[in-house]
Amino acid sequence: MLCNSSIPHRIKRILQHAVNIRWNHSVSDAALQEKYIRNIGILAHIDGGKTTTTERMLFYSGKTNVLGEVHHGNTVTDFLVQERERGITICSAAVSFDWRDHRVNLLDTPGHIDFTMEVEQSLAAVDGTVVILDGSAGVEAQTVTVWNQADRHHLPRVVFVNKMDKENADFEGCLQDLRKKLGIVPLPIQLPLMEKGKLAGIIDILSGTQVVWDRNSSGRMYKSIPLGESELANAQDKLYETIDSLSGMDDQLAQAIIEADSMENVKPELVLNAIRSCTMKQQIVPVLLGSAYKNIGVQLLMDAVLRYLPAPNERNHIYNCFGSEFVGKVSKVTHDKQRGPLSLIRVFRGTLKKSAKIVTAKGAAETIQRIYAPWADEYREVASIGAGNIGLCAGPKSTVTGDLVVSNTTSLRTAFKKLNVSEGVEEDSDLDEVLANKLSLQTLVPDAVYFCSIEPPSSAYQAALDSALKEIQREDPSLRVTYDETTMQTVLGGMGKLHLEIIKSRIMSEYKIDVDLGALQIAYKETLEKPCRGSWTAEKEIAGHKQFVQMELTVHAKKSDVKFRLDNSPEAQENLKLIRPRPLSYVKKGSIAALERGPKLGGQLMNVAITLHHLTIGKGTADTFIMAATAQCVRHVLSSANVRLMEPIMLLEIAMPSEYLNSIIADLGRRRCTVLDVTSRGQQQKVLRANAPLAELDDYSSEVRCISSGTASVSMEPNGYVMLNEMDEVTAIRRAHGLE
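Residues numbered from 1 in each chain as written. Predicted model: local features only at pLDDT ≥ 70, side-chain atom pairs only at ≥ 80, totals over all residues. Heavy atoms only, no water.

S.K.: When you look at the nonpolar core in this model, what are you seeing that I'm missing?
M.R.: As a rule of thumb, soluble globular proteins bury nonpolar side chains together. V130, V159, V161, L178 and L246 are the most contacted members of the largest nonpolar core, which totals 88 residues. Of all the elements, helix α10 (residues 298-308) adds the most residues to this core, at eight residues. If near-sequence neighbours (up to four positions away) are discounted, V161 is found in contact with L133, G135, F171, C174, V287, L288, L289 and G290. Residues L479, L500, C673 and A690 belong to the second largest nonpolar core, which totals 36 residues. (Core = buried A, V, L, I, M, F, W, Y, C linked by side-chain atoms within 4.5 Å. Buried < 20%, exposed > 50% of the residue type's maximum accessible area, 1.4 Å probe, protein only. Helix = DSSP H or I, 4+ residues; strand = E, 2+ residues; numbered from the N terminus. Contact = heavy atoms within 4.5 Å.)

S.K.: What should I look at first to understand the pattern of salt bridges in this one?
M.R.: Should their charged atoms come close, side chains of opposite charge can pair. Considering all chains together, one arrives at 30 salt bridges under this definition. Between E510 and R506 there is a salt bridge, with its nearest N and O atoms 2.9 Å apart. In this pair, E510 and R506 are both assigned in helix α14 (residues 497-510), four residues apart and thus about one turn of the helix distant. Here E510 falls in the partly exposed class, since its relative accessible area comes to 26%. Overlapping salt bridges, with partners in common, bring together E529, K600, R644 and E729 in one network. (Salt bridge = Lys/Arg side-chain N within 4 Å of Asp/Glu carboxyl O.)

S.K.: Please clarify how the sheet that holds strand β29 (residues 545-557) should be interpreted in this entry.
M.R.: Within a sheet, each strand pairs with its neighbour through backbone hydrogen bonds, oriented either parallel or antiparallel. Reading across the sheet, the four strands line up as β28-β29-β31-β30 and stay open at both edges, with mixed pairing between neighbours. A strand with exactly one partner marks an edge of an open sheet, and here the two such strands are β28 (532-542) and β30 (564-566). In this sheet, adjacent strand axes meet at a mean angle of 30° when their direction is disregarded. Bridge count between β30 and strand β31 (residues 608-617): three bridges; the pairing is parallel. Bridged to L566 within β31 is L612. Contacting β30 and β31, helix α16 (residues 581-594) crosses the sheet at an angle of about 140° to β31. (Pairing = 2+ DSSP bridges. Axes fitted to C-alpha atoms, helices over the stretch in contact; angles between N-to-C directions.)

S.K.: Honestly, helix α20 (residues 726-736) in this entry has me stumped. Any pointers?
M.R.: Structurally, the α-helix is built with 3.6 residues per turn, so residues lying three or four positions apart point the same way. With a side-chain oxygen positioned 3.2 Å from the backbone nitrogen of M727, the residue opening α20 is N725. Count one or two residues on from α20 and you reach G738, which has phi positive near 75°. (Polar contact = N/O pair within 3.5 Å; in protein donor to acceptor, adjacent residues only side chain to side chain.)

S.K.: How should I be thinking about the confidence of the model for the protein chain in this particular structure?
M.R.: Residues shown with low pLDDT carry predicted positions that ought not to be read at fine detail. On average, the protein chain scores 87 in pLDDT, and the residues at 70 or more come to 91%. Note on residues 425-429: pLDDT is under 50 here. Beyond four places in sequence and across chains, it has eight contacts. (pLDDT = per-residue confidence, 0-100.)

S.K.: What is the right way to read unusual backbone geometry from this model?
M.R.: The phi angle of most residues is negative, glycine excepted, and most peptide bonds adopt the trans form. The phi torsion at H154 lies on the positive side, around 55°, for a residue other than glycine. Structurally, H154 can be placed in the loop between α5 (141-152) and β5 (157-162). For K163, which is not a glycine, the phi torsion comes out positive at approximately 60°. Position of K163 among the secondary structure elements: in the loop between β5 and α6 (171-182).

S.K.: For this particular structure, what's the right way to read the packing of helix α2 (residues 50-60) against α10?
M.R.: Between α2 and α10, the least distance of the axes is 10 Å, while the angle of their chain directions is 85°. Looking at the two axes, α2 sits roughly perpendicular to α10. On α10, the residues touching T53, R56, M57 and Y60 of α2 are V298, Q299, L301 and M302. Tallied by class, the residues present in the contact of α2 with α10 amount to five nonpolar, two polar and one charged. (Parallel < 35°, antiparallel > 145°, perpendicular 65-115°, else oblique. Nonpolar A, V, L, I, M, F, W, Y, C, P; charged D, E, K, R; others polar.)

S.K.: Help me out: how do you make sense of the packing of aromatic side chains in this one?
M.R.: What describes a pair of aromatic rings is the distance from one ring centre to the other and the angle between the planes of the rings. With the rule as written, the count across this model stands at four aromatic pairs. On the basis of an interplanar angle of 65° and a centroid distance of 5.4 Å, the ring pair of F59 and Y60 is categorised as edge-to-face. The buried category is assigned to F59, whose relative accessible area is 4%. With a relative accessible area of 9%, Y60 lands in the buried category. Here the basic side chain of R157 rests over the ring of W147, its NZ or CZ set 4.6 Å away from the ring centre. (Phe/Tyr/Trp six-rings, centres within 6.5 Å; stacked < 30°, edge-to-face > 60°. Lys NZ or Arg CZ within 6 Å of the ring centre and 35° of its normal.)

S.K.: What am I meant to see in helix α4 (residues 116-123) here?
M.R.: Of all eight residues making up α4, eight are buried, and the element is well covered by its neighbours. Of the residues making up α4, those classed as buried are T116, M117, E118, V119, E120, Q121, S122 and L123.

S.K.: Teacher, can you tell me more about the packing of α4 against α5 here?
M.R.: Packed helix pairs are specified by the crossing angle of their axes together with the interaxial distance, meaning the distance between the axes. With their axes 10 Å apart at the nearest point, α4 and α5 run at an angle of 30° to one another. With respect to α5, the element α4 is oriented roughly parallel. Judged by the twist between their axes, the crossing of α4 over α5 is right-handed. Facing T116, V119, E120 and L123 of α4, the residues of α5 in contact are Q142, T145, V146, Q149, A150 and R152. Partitioned by chemical class, the residues of the contact of α4 with α5 number four nonpolar, four polar and two charged. (Left-handed = near helix turned anticlockwise from the far one by under 90°.)

S.K.: I tried to follow a nonpolar patch on the surface on my own but got confused; where do I start?
M.R.: Taken together, I665, V675 and V678 make up a surface patch of nonpolar side chains, about 180 Å² in accessible area. Tracing the backbone through its elements, the reader meets I665 in helix α18 (residues 661-669). (Patch = residues over 30% accessible without salt bridge, like charges linked within 9 Å, V, L, I, M, F, W, Y side chains within 5 Å. Areas by Shrake-Rupley, 256 points an atom, 1.4 Å probe, with all protein chains shown as cover.)

S.K.: Sorry if this is basic, but what is going on with the side chain of Q547 here?
M.R.: With respect to the helices and strands, the residue Q547 is situated in strand β29. Sequence-distant contacts of Q547, that is, excluding residues within four places in its chain, are made with A538, E539, K540, I542, G620, T621, A622 and F625.

S.K.: Is there a simple way to think about the pairing of β31 in this case?
M.R.: Within a regular strand, the side chains alternate between the two sheet faces. Across the ten residues of β31, seven count as buried, placing the element largely inside the fold. Pairing analysis gives nine bridges linking β29 to β31, with the strands arranged antiparallel. In the strand pairing of β31, H556 is matched with A609.

If you want it as structure tokens, here you go:
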């Protein structure tokens, strides 16, 4: 099958222009049927080949006429200056292209752990994902992280084993990694076709053919040819294994096998339908292979996206409660110099039109001034976007990641009533809480692991800096911005050293403010060793009104997810049952807010809860005074409690030649690390996994390269917190105060 022809360069641009015109005028974004749409995210460990694969998809679909390369800094989706300088993806970028009469909306995501928030935002907008593996490295640390993120969003996946052109690429090893490290059922539907130890093409198990690419056409031309006898026998064996595996999960396929009394006579359509059905149910993960850089296998991956990943109308049925009314979700907010803030909105039901009025679930009214089709940092204006599609909207001023947007408050209330009936929600339930829980509006924001101060060159730039940080924080919720009243400094909290460096670079390049960052500090948390009980009385006259609050509470280790509860003893209930729900809600807010700052280093209190025993509130006492008094009471109790520091732990994964293993283990021992396991990768490679305190990992990647003469690579991700012993705690406090 010849899938392209040799096109003279002189007319290629004319044809490309024609393709773009057809794309713009064939079917409007709003009229496109949902079954012909695929919204996908590209996930992988850093340097797995996400951006290169994306560039190939754009090229083969006719959206670009040049193969963008990361090392050349000319890719479509890596458009930030910092991305092109460093050769990494920092911000997720959305692009759209057409492939075989389908619209594919693709989000290219970062692979670095510092930018995991970008992945989280992207997954809220897609219906399926392509997870890319390095064929020579298998399942790496960040692969596990992004896989778990996709699990939380219940997203079907296909796996593309990339870089199979490498000498040490191991397809079978990758399949074993998928089973062992991710606990899934990988279903290989392709095998590598090797010639003289090099990847020459792909064996398609389902069709029993080999697919080879013409290297002189930049991978545009490829053809399917019959297999030799030995290769065909091997492919048929693999096909029977596949059918046997699927028959245990798909009833239709099993019934067809029973009726035919043989696997040989099963129709190919039944096998394809079984793969799609089991993929949608997340029972299996189809595995494909290729080399994006060498232009092998990408078109077959695009076919697999259409064939096995769900269309929008096959998911998100919870939004049926809105009927045909418009409802969408803000998955990300970006800022453009000319257009201002742009909200990336995924439309679930109805149509979003230019100049339309919308309402957020929080009650804010907004106007959609313009709508753009997603194309990285370039924009093509459209009149509307329909159900299942994604668009960038200019106009909304207050939207943030996770916001539900609807056409009007009436549709929101109607949907709320339908949810009450279908989901068994109580009539007096809180609207915000129900919508957040049922419609998955909560955005999981990871904890900061580093923080540092940031200062403008002079006080004249302070207002501009505050505005810049507000815009960046709206784009990136994982950036924490606080003001330390003690030092009178603005403090940034981030996911890592690189994260904060990029924030500084963006402020300098995009906002032209020459800021300085203070020394990086570890984001320690705090906890309690023993419960501590105490009381507090707050009394003050404000504007002629007497404010009075008296309370008694206990701060203790948390045994469940509840951070605040009432004492259920008879003595306490006699007092607490007289308190109205509204004042109690402000006591709860004040209690939880007070747990954000511990007494030792100001770290968030971890695994700590509060039990209220007694509460007396004077008549006419303001709600804000109740909340402030509660926070004062909690801080008073914590000041006399035995509080301990918790330090962040990182999971290290170090890949190295075998001869450097002992040297690296010895170095880790000096850093208070715990080695978890050492496995082999190929004949000469070792992979070491260890838990390491973040405080001991300053510039560790450079240290590993020095020890291994530049041959080892290291990746890390947060892996919880552990309590410091007393000696290390003293050292940590002295270091935080600048005494060491």
